[in-house]
Amino acid sequence: MDFSGAITPALLLLCLSCLVLYLNGKSGGRKSGKMPPGPAPLPFVGNLFQLDPKEMHRSLEKLSESYGPIYTIHLGSLPYVVLCGYQAVKEALVDQADDFSGRGDFPVFYRFTRGNGIAFSNGEKWKVLRRFALQTLKNFGMGTSSIEGRIQEEAQFLVQEFKKTGGAPFDPINPVCRAVSNVICAVVFGQRYEYQDANFLTLLDHLNENFKIMSSIWGELYNIFPSLMDLLPGPHHQIFRNFEKLRQFIAEHIRCHQKDLDPDAPRDFIDCFLIRMEQEKQDPLSYFHTETLVMTTHNLFFGGTETTSTTLRYSFLILMKHPEVAARVHQEIDHVIGPGRPPCLADRKHMPYTEAVLCEIQRYISILPMGLPRAVTRDTPFRGFLLPKGTNVIPLLSSVHYDPAQFKDPTAFNPDNFLDENGAFKSSDAFMPFAPGKRICLGAGLARMEIFLFLTTILQHFSLHPTVHPCGDRPDAPMHRPGQCSPPLRIQAPPSLAGGGTHTHR
Ligand code: HEM
C-alpha cells in the first residue's frame, strides 16, 4: 500500500504544529505565571474558530458565559486575558490602575508607529509624552472657554452646510467628519480647513478608508498574523500606504511650522513640541524628536476625528429611531437655550435630560467595545491568578455597558439609566466609553464638549427625519448595536441613515 499521499500532509501538519508549539514556547516562556483558564487553543490559529470575526466582542461576551468574567483567549499564538463585566474591568483598570496601564500588542498600529507617540507607547516614554500632551492641550484651551468658542464656531459652519441642502434628504457623514476634524486641526495645526479643501478631503478619505480596512477581516487577520500577512497580498497593505500619506501631511505641516516658529509665541501643539525639542536637543535620551512629534500628532488627529464623528452620526440615527426622546431634547433646548444664541457648555448643567441622552447614546453604541488592548506592566496577581508582565488584556467595555447588574434592561435604549427619580442627571461608574484608569482617553473632555455642542446646535436649528421607516419592516425591531470586531479595535461604519438620507428642517 502506498501511504505517501496521506503521510506528506500529515507530516507537514505535524512539523507545523511542532514549529508553532516551539514558537509558542519561546514567546510564551515569559508568560509563566498562572493564567486564567479559557477555551483550548489550536496550534497557530489559537481560538480563531470560536470567534466570529464580524462580531468579535459579542463572541468574547458569549465565551464568558462558559469561562466566567476573566478568561484567557488565544489570538493566533498570543494569549489575551479577557475582562468581562463591570466588576472585573473596574477591579483591574481602576483598583489596580498602575498594573494594568500598559499598552498591549496592536500590530496594525505598531508597524506604523514603532511604539512612538502616546497611544501605542509604554513606560517612561508614554508617561512623558502623555503628560506633555495633556498640559499643552490644556494651555490651548482644552476644558476652557477658548476651545468652547472654537467648537461653537465650527458648529455654525456645520449648520450652514446642512442649510445648503434646503431640507432635501442628504447623508450627513462627510460634513460631520470635517467639522469634528477641524476642531482637533485647530489645536494641533493651528488652522481649520474649508469643507471643500481638496487636501483636507483626501486626508479624511485616507482616515476613513483605514478605519474600514482595519475593521474588516483583513485588519483582523493582520493583528493576529502580522508576519504572515506582510507576505500575503490584500487590501491591508493600503492601510500602511494611507498611514504614510498621513505622515507626509503631518511632516509637511511640521516643516512649515519650523520655518516661522517664534519660541515666545507658540501658536499650536506642533509649535510647543518643536520648542521642547529645541530645549532638549542635547539630551540623547530625550523623547522629544521628529518621529515622536509625527506620531503624537497622528494620535491626536486620528483619535480625535473618527470616534467623535461616529458618535455624532449614531446620535442622529438614535434620535430618528426614538422621536419621543428627540422631542424632549428639543423641548429642553427651547426652554434653556431658546433660538437666539448658540448653546454653550454652561447650559449642560441645566439640561439633565439632554445630558442623560448623550450618556445613554455612548453607553448604548459602545463604539470601542473592546477598548484598546492593555498589558500588565509587571507580574500582576489578580483574582487568584498571576498575570506575567507584558500579558495582553482586553477590557470588554461593551460588557460593562451591557452589564445587567449596572443598567436595567441594558439592551434597550433608555435615558432613564442616567436620571434619578426627580429627573436630575445621575452619573454611573459603569459608564466607560473612554475606558477608565491611567490610560483613560486623552481626549475624553474634548469629545464630551464636542458631542454636546455639535448636537445641541444642530437640534436647535433642525429636526431630523429618516427617509424611510427607521425600523425597516418591523416597527418594533431593536436598532442594531453597532458592533466592533477587530482584535482589538474596530469602529464599524454606521448603518446608512435609514435609507441613505436625513431630512433636516425646523
Ligand atoms: C467619543 C469620542 C472618543 C471615544 C469614545 C474615545 C475612546 C477612547 C478609548 C476607549 C481609548 C483607549 C483607552 C485605553 O487605553 O484603555 C482612547 C485612547 C485615546 N484617545 Fe480617545 N476617544 C474619543 C475621542 C478622542 C479625542 C477627541 C482625542 C484627541 C484629542 C482622543 C485621543 C486619544 C488618545 C491620544 C488615546 C491614547 C491614550 C493613551 O494611550 O494614553 N480620543 N480613546
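Rules used throughout
Residues numbered from 1 in each chain as written. Predicted model: local features only at pLDDT ≥ 70, side-chain atom pairs only at ≥ 80, totals over all residues. Helix = DSSP H or I, 4+ residues; strand = E, 2+ residues; numbered from the N terminus. Buried ≥ 20, exposed ≤ 12 C-beta atoms within 10 Å, placed from the backbone. Contact = placed C-beta atoms within 7 Å. Axes fitted to C-alpha atoms, helices over the stretch in contact; angles between N-to-C directions. Parallel < 35°, antiparallel > 145°, perpendicular 65-115°, else oblique. Left-handed = near helix turned anticlockwise from the far one by under 90°. Nonpolar A, V, L, I, M, F, W, Y, C, P; charged D, E, K, R; others polar. Pairing = 2+ DSSP bridges. UniProt positions renumbered as here; feature names shortened; annotations may be inferred. pLDDT = per-residue confidence, 0-100. Expected span 1.5 Å × (residues − 1). Core = buried A, V, L, I, M, F, W, Y, C linked by C-beta atoms within 7 Å. Near = placed C-beta within 6 Å.

1. Points about the overall build of the protein
Of the regular secondary structure elements, the protein holds 17 helices and nine strands. Going through the 506 residues of the protein one by one, you find that 46% of them count as buried. Looking at the protein alone, contacts between residues at least 24 apart form 75% of all its contacts between residues at least 6 apart.

2. Section: the packing of helix H14 (residues 323-336) against helix H15 (residues 352-365)
Direction vectors running N to C along H14 and H15 enclose 140°, while the axes themselves pass 8 Å from each other. Between H14 and H15, the angle falls in the class oblique. The handedness of the crossing between H14 and H15 comes out as left-handed. Residues Val325, Arg328, Val329 and Glu332 of H14 lie in contact with H15, whose contacting residues are Tyr353, Thr354 and Val357. Each residue belonging to the contact of H14 with H15 can be placed in one class, and the counts come to four nonpolar, one polar and two charged.

3. A word on the sheet that holds strand S7 (residues 392-396)
Pairing within the open sheet is mixed, and its five strands lie in the order S1-S2-S7-S4-S3. The open sheet terminates on both sides in strands that have one partner only, identified here as strand S1 (70-75) and strand S3 (102-103). As paired strands, S1 and strand S2 (residues 78-84) are joined by six bridges and run antiparallel to one another. Residue pairing across strands places Ile70 opposite Leu83, the latter belonging to S2. Across the sheet, helix H2 (residues 56-67) lies against S1, S2 and S7, angled at about 130° from S1, the strand it touches most.

4. Brief notes about the pairing of S1
On a regular strand, one side chain projects to one face of the sheet and the next to the other, so that they alternate. The buried count for S1 comes to six of six residues, which makes it a mostly enclosed element. Both faces of S1 are covered, namely the face carrying Ile70, Thr72 and His74 and the face carrying Tyr71, Ile73 and Leu75. Joining the antiparallel neighbours S1 and S2 is a turn of two residues, in which Gly76 adopts a positive phi near 65°.

5. Thoughts on the environment of Gly390
By secondary structure assignment, the location of Gly390 is in the loop between strand S6 (385-387) and S7. Spatially, the C-alpha atoms of Gly390 and Ala375 are 5.4 Å apart, while their sequence positions differ by 15 residues.

6. Topic: the UniProt feature "binding site: heme" (unreviewed entry) in the protein
As recorded in UniProt, the feature "binding site: heme" (unreviewed entry) lies at Cys441. With respect to the helices, strands and loops of the structure, Cys441 is situated in the loop between helix H16 (397-401) and helix H17 (444-461). If near-sequence neighbours (up to four positions away) are discounted, Cys441 is found in contact with Phe434 and Ala435.

7. Some thoughts on helix H9 (residues 217-224)
For H9, the buried fraction is high: seven of the eight residues fall into the buried class. Among all positions of H9, only Trp218, Gly219, Glu220, Leu221, Tyr222, Asn223 and Ile224 are buried. At its buried positions, H9 is contacted by S1, helix H4 (107-113), helix H8 (198-215), helix H10 (226-231) and helix H11 (236-259).

8. A word on the confidence of the model for the protein
Confidence in the prediction for the protein averages 85 pLDDT; 86% of positions are at 70 or higher. Low pLDDT, under 50, characterises residues 1-30; the stretch is placed with 11 contacts to residues that sit more than four places away or in other chains. Of the regions scoring below 50 in pLDDT, residues 472-503 engages in 96 contacts with residues more than four places distant in sequence or in other chains.

9. Things to note about the environment of Pro79
Assignment of secondary structure puts Pro79 in strand S2. Residues Pro79 and Met35, 44 residues apart in the sequence, show an inter-C-alpha distance of 9.1 Å.

10. Describing H8
Between its terminal C-alpha atoms H8 stretches 26 Å, which fits the 26 Å expected from 18 residues at 1.5 Å a residue. The set of residues buried in H8 consists of Leu203, Leu204, Leu207, Asn210, Phe211, Ile213, Met214 and Ser215. The inward-facing, buried residues of H8 contact H4, helix H7 (173-188), H9, H11 and helix H13 (290-321).

11. Notes on the nonpolar core
Val82, Leu83, Val188, Val393 and Phe454 are the most contacted members of the largest nonpolar core, which totals 123 residues. Not counting residues within four places of it along the chain, the set of residues in contact with Leu83 comprises Pro69, Ile70, Ala88, Val89, Ala92, Val393, Ile394, Pro395 and Leu396.

12. Some words on the site of the ligand
The environment of the ligand is made up of 26 residues, and the closest members are Gly303, Gly304, Ala435, Cys441 and Gly443. Counting residues per element, the shell around the ligand draws most heavily on H13, which supplies seven residues. Residue composition of the shell around the ligand, grouped by class: 14 nonpolar, eight polar and four charged.

13. Comments concerning the environment of Tyr110
Considering the arrangement of structural elements, one finds Tyr110 in helix H4. Overall, Tyr110 belongs to the partly exposed group, with 15 C-beta atoms counted inside 10 Å. Spatially, the C-alpha atom of Tyr110 lies 9.1 Å from that of Ser121, the residues being 11 residues apart in sequence.

14. Some remarks on unusual backbone geometry
Phi angles above zero are rare outside glycine, and Ser366 is one such case at about 35°. Within the secondary structure layout, Ser366 lies in the loop between H15 and strand S4 (374-375). For Ser366, a count of 23 C-beta atoms within 10 Å translates into the label buried. Positive phi values are uncommon outside glycine, yet Ala435 reaches one of about 65°. Topologically, Ala435 is positioned in the loop between H16 and H17. C-beta crowding within 10 Å serves as the criterion here: with 19 such atoms nearby, Ala435 is assigned to the partly exposed category.

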